[in-house]
Amino acid sequence: SIPENQREAWKKYQTKGFSTKEEFEKGVVRHVETTLARSMFNCDETAAYAAASLAFRDRLIIEWNRTQQRQTFADSKRVYYLSLEFLMGRALDNAMLNVGLKNVAKEGMSELGFRIEDIIEQEHDAALGNGGLGRLAACFLDSMASLNYPAWGYGLRYRYGIFKQEIVDGYQVEVPDYWLDFNPWEFPRHDITVDIQFYGNVRKYQDDKGVQTAVWEGGEIVKATAFDVPIPGYSTPTTNNLRLWSSKAASGEFDFQKFNSGDYESSVADQQRAETISAVLYPNDNLDRGKELRLKQQYFWVAASLYDIVRRFKKSKRAWREFPDQVAIQLNDTHPTLAIVELQRILIDLEGLEWDEAWSIVSQTFGYTNHTVLPEALEKWSVPLFQNLLPRHLQIIYEINLFFLQSVERKFPKERDLLARVSIIEESQPKMVRMAYLAIVGSHKVNGVAELHSDLIKTTIFKDFVRIFGPDKFTNVTNGITPRRWLHQANPRLSELIASKTGGYGFLKDLTMLNKLEQFADDKEFKKEWQEIKYANKVRLAKHIKATTGVTVNPSALFDIQVKRIHEYKRQQMNIFGVIHRYLTIKAMSPEERKKLAPRVSIFGGKAAPGYWMAKTIIHLVNSVGAVVNKDTDVGDLLKVIFLEDYNVSKAETIIPASDISEHISTAGTEASGTSNMKFVLNGGLIIGTCDGANIEITREVGENNIFLFGNLSEDVDELRHAHTYGRHELDPSLAKVFDSIKSGTFGDVNSFSALVGAIEDHGDYYLVSDDFLSYIQTQDLVDQAYKNQDEWISKCIISVARMGFFSSDRCINEYAESIWNIEPLTPEDGNTSGLGK
Ligand code: C3B
């Protein structure tokens, strides 16, 4: 660092970052003219977005630096959130709101000739995630910063995020998402690099004292470079860090030796192979495909992150046994489970600790969050693949397993089956490493993400482990969402209305303050404003629908929305079958009867994994039904069917505030939590849903009268499935009619949809669509009835919002901090809250 004598000069010229409109404008103009090398004569909206973002980035990075200094100085425990996915969405609007300078920026941009709304629209989503799991990680980062926790996120800097979805002739087409042309929100740290080893061999030798040591030799080295993304807290100077790793060949551009000897192709190929590691996000949600490159990604990211964490710890010069007092590492699903093995390797092979001492440190450091019980999503890696790619890690896994099984045998001496059931190594052909089991054995806490889900993992997939480790190791932390993005940013008018009745914007920091709204549930004036805001949000979405699909929808109709990844377990197929049922019902009615109906717009959105054929068929069916229904003059405004292309975070911000009802209709016991259910209710929409995931806790909070629940319960699912397989499976009669219409070609080519229908009719109906169908359409009728009484409907919405305080990700993060991480917030002394509410 700089010697004492010269520090005065540094202090004098310390950068401050803007806080007034004038300073902001100055910053923008400077960035346009210098950083971007443009001028007022060729500054388009893209350049204006870039300059505005850079002005904010300057401010953030100053607070970011201060936050890091404060955390280092305080030497307090930090939490590291390891996630292969961070679905961040746009950063500019969020940064403006969190630092409380959106109005300043709005006026400043206007003086410079731009509308802030247009500038915000220029930004490309940072889409380094698939769905719920990745978005949860992004909400957590916002909460950890807003609550002043010393926290880092660690992930991969994919060159291509989740693909963009185009709909061509009703089919999904995937287009690569190259998002890094210009990204003002990241800081490349070319000085922070880590060499990561793959393949090679393990040599074991005894030193003079007879101690066995293992050396991992040979193989290849890939370089990890850090890219840092500042994460501003809301209404606090705390600005945390998200560190993303990017891969390149260790030898730099290409191998010069090979190059000089004329082997150009292979020298370039090495480079490309290294870069491939962080090139693409795997586009599967709730599915494990077991590809080698994915395991490479996992180790690359985990090894670089642990190197960084250990390096930071070593600077404190503490004894190793203090590691768990300084470091908490949370595993977001099993994707980072290798971190457990890598830390054990570092401690025994590189730092020379004894196995037991090392293992005690390791197993106190980690916490593991499970996000699914779906068998196809539980990660397993083949032993031969492991042996080749990470030979030393495989040895360590075998050791961990040996000690673990020995302890099980001591505790349950007569239960031979138990050992096979809980072994980290599955004795299949080939043998497989069960990552969830490894994660449980190596962590001190395991949590599910909603009450039902946490109960289910304890009684089903992890049942044996509850006996072995005792019930206290397993806990629940119900998911949450950040109200900053999902209310304040997405629905500014509603946020403002709430602020006017609850005494300012304090509810954005303490969401339970929403309960003050309940007293206005019958307030005429308040309800009118509430309704106007909902209508305006629907008009905004109707415009988007018109612009993107060409279909005109009536904003007064009931907007019924299901947006999420397309998956059979999420049952978009049941929704579209319900829409067809509605269509057939309307067609069979007389014009008089039709007049009594409530008009409805059924809106779908979501990506299908590129290899998930059934999911793609569902998208095709929705579009085919839309093509028929939307131009049927018998139907007119009574029913419109829309598929919104390329659902992502920024589109969600427009879609969610516009719902009257949204659908969360997974087969009971399959959706671990769901988080969009929370977003919709928080924005004044009601939900129709099954008794699954967080729907159950939402019901507990808002009250049974304010939610439309239907369908079989999770405890009955097994029996129903059994009956399908071994008994007779009677199709629900209304569903049978829906199938008849599909089979008669009403919606185009019959063959296109035969697999979708066949899965239910002939192949066991695994997701119980037929079992729940009657209850579903009857409940939809109740929705229609309820919507007709607008006065009561609005009261229900207000009461529901008032009772949503529990679902803030702040509550959720505080629970993790207390019961799993054991960390305290580090509140800045100059606790600046000046930005509150601006
Ligand atoms: C999801 C689950 O499917 C959701 O129910 C849950 O709300 C979120 O995680 C967050 O906990 N999930 C996912 O998006 N991807 C997976 N691989 C597993 C679960």
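All figures in this text were calculated on a predicted structure; none of them were measured in a lab. (Residues numbered from 1 in each chain as written. Predicted model: local features only at pLDDT ≥ 70, side-chain atom pairs only at ≥ 80, totals over all residues. Heavy atoms only, no water.)

### Remarks on the site of the ligand
Basically, it comes down to this: In this text, near means that some heavy atom of the residue lies within 4 Å of the molecule or strand in question. In protein, a polar contact means a hydrogen-donor-capable atom and an acceptor-capable atom, both N or O and within 3.5 Å, with residues adjacent in sequence counting only if both atoms are side-chain atoms; elsewhere, any N or O pair within 3.5 Å suffices. Only protein atoms enter the 1 Å grid used here. Points where a 1.4 Å probe fits but cannot escape make up a cavity, open sets with protein on both sides within 12 Å along at least five of seven lines make up a pocket, and a residue lines them when an atom lies within 4 Å of a point. To decide whether a molecule occupies a pocket or cavity, check its atoms: if more than half lie within 2 Å of the grid points, it is inside.
Around the ligand sit 15 residues in total, of which Leu 133, His 371, Asn 479, Glu 671 and Gly 674 are the nearest. With respect to the ligand, the side chain of Glu 671 contributes an N or O atom lying 2.7 Å from an oxygen atom. Contact distances for the ligand include 2.8 Å between an oxygen atom and a backbone N or O atom of Gly 674. Most atoms of the ligand, that is more than half of them, are within 2 Å of grid points of the largest cavity.

### Examining the layout of surface pockets
The probe, sized like a water molecule, is rolled over the atoms to show the empty space still left. Formally: Grid points are joined across faces, edges and corners, and a volume is the space filled by probe spheres set on the points. Labels follow the DSSP assignment, with helices taken as runs of H or I lasting at least four residues and strands as runs of E lasting at least two, numbered in each case from the N terminus. Charged means Asp, Glu, Lys or Arg here, nonpolar means Ala, Val, Leu, Ile, Met, Phe, Trp, Tyr, Cys or Pro, and polar covers whatever is left, Gly included.
In this model, the largest pocket occupies a volume close to 1100 Å³. Along the wall of the largest pocket there are 31 residues; nearest its centre are Lys 102, Glu 117, Gln 489, Pro 492 and Arg 540. When contributions to the lining of the largest pocket are tallied by element, the ones reaching two or more residues are α4 (92–98), α5 (102–111), α6 (116–121), α20 (483–489), α21 (492–502), α22 (524–549) and α26 (649–655). Here the residues of the lining of the largest pocket sort into 7 nonpolar, 10 polar and 14 charged.

### Brief notes about the packing of aromatic side chains
Defined as follows: Between 30 and 60 degrees the pair is tilted, below 30 it is stacked and above 60 it is edge-to-face, where a pair is any two Phe, Tyr or Trp rings, Trp via its six-membered ring, whose centres lie within 6.5 Å. In this scheme, a residue with accessible area under 20% of its type's maximum is buried, one over 50% is exposed, and one in between is partly exposed, where area comes from a 1.4 Å probe on protein chains only.
In this structure the tally under the stated criterion is 32 aromatic pairs. Taking 6.5 Å as the distance between ring centres and 55 degrees as the angle between the ring planes, the aromatic pair formed by Phe 198 and Tyr 199 counts as tilted. Judged by relative accessible area, which is 15%, Tyr 199 ranks as buried. An angle of 55 degrees between the planes, with centres 4.7 Å apart, marks the rings of Tyr 437 and Phe 465 as tilted. A residue pair is termed long-range when its members are at least 10 positions apart, and Tyr 437 in helix α17 (residues 435–441) and Phe 465 in helix α19 (residues 463–469) qualify at 28 residues.

### A word on helix α12 (residues 338–350)
Heads up, the rule is: Residue count minus one, scaled by 1.5 Å, sets the expected span of a helix.
Spanning 13 residues, α12 covers 17 Å between terminal C-alpha atoms, matching the ideal 18 Å at 1.5 Å per step. Counting buried residues along α12, 12 of its 13 residues qualify, which places the element largely inside the surrounding structure. Every buried residue of α12 is listed here: Leu 338, Ala 339, Ile 340, Val 341, Glu 342, Leu 343, Gln 344, Arg 345, Ile 346, Leu 347, Ile 348 and Asp 349. Looking one or two places after α12, you find Gly 352, whose phi comes out positive at around 75 degrees.

### Quick notes on empty space enclosed by the protein
On inspection of all chains with the given rule, the structure shows 6 cavities of 30 Å³ or more. Considering only enclosed or pocket space, the largest cavity measures out at about 890 Å³ in volume. Taken together, 50 residues form the lining of the largest cavity, with Asn 130, Gly 131, Gly 132, Leu 133 and Asp 285 sitting closest to its centre. Among the secondary structure elements, those contributing two or more residues to the lining of the largest cavity are α7 (132–146), α26 and α27 (676–682). No other element matches the 4 residues that α7 contributes to the lining of the largest cavity. Looking at side-chain class alone, the lining of the largest cavity contains 17 nonpolar, 18 polar and 15 charged residues.

### Things to note about the nonpolar core
For clarity, the cut-off: Remark: nonpolar core denotes a set of buried residues (Ala, Val, Leu, Ile, Met, Phe, Trp, Tyr, Cys) joined through side-chain atoms within 4.5 Å. Contact criterion: two residues are considered in contact whenever any of their non-hydrogen atoms come within 4.5 Å of each other.
One finds Trp 245, Phe 577 and Trp 821 to be the most contacted residues of the largest nonpolar core, which totals 231 residues. At 11 residues, the largest contribution of residues to this core is made by helix α10 (residues 292–315). If we ignore the near neighbours within four places in the chain, the residues touching Trp 821 are Lys 77, Val 79, Tyr 81, Met 144, Ala 328, Gln 330, Ile 813 and Tyr 816.

### Brief notes about the sheet that holds strand β12 (residues 327–332)
Strand pairs in the sheet, formed through backbone hydrogen bonds, run parallel or antiparallel to each other. Using the following cut-off: Whether two strands pair comes down to DSSP finding at least two bridges between them. Orientation is described by lines fitted to C-alpha atoms, with helices fitted over the stretch in contact, and by angles between N-to-C directions that extend from 0 to 180 degrees.
Spatially, the 9 strands line up as an open sheet ordered β7-β10-β11-β4-β1-β12-β13-β17-β18, and their pairing is mixed. At either margin of the open sheet sits one strand with a lone partner, and together these are β7 (187–198) and β18 (474–476). The sheet shows a mean angle of 25 degrees between the axes of neighbouring strands, direction not considered. As judged from the 11 bridges shared by strand β10 (residues 220–232) and strand β11 (residues 239–249), these two strands associate in the antiparallel manner. Within β11, the position partnered with Pro 230 by the bridge is Asn 241. Lying over the sheet, helix α9 (residues 264–276) contacts β10 and β11, oriented at roughly 150 degrees with respect to β11. Lying on the sheet, helix α13 (residues 355–365) is in contact with β12 and β13 (366–369); it crosses β13 at an angle near 45 degrees.

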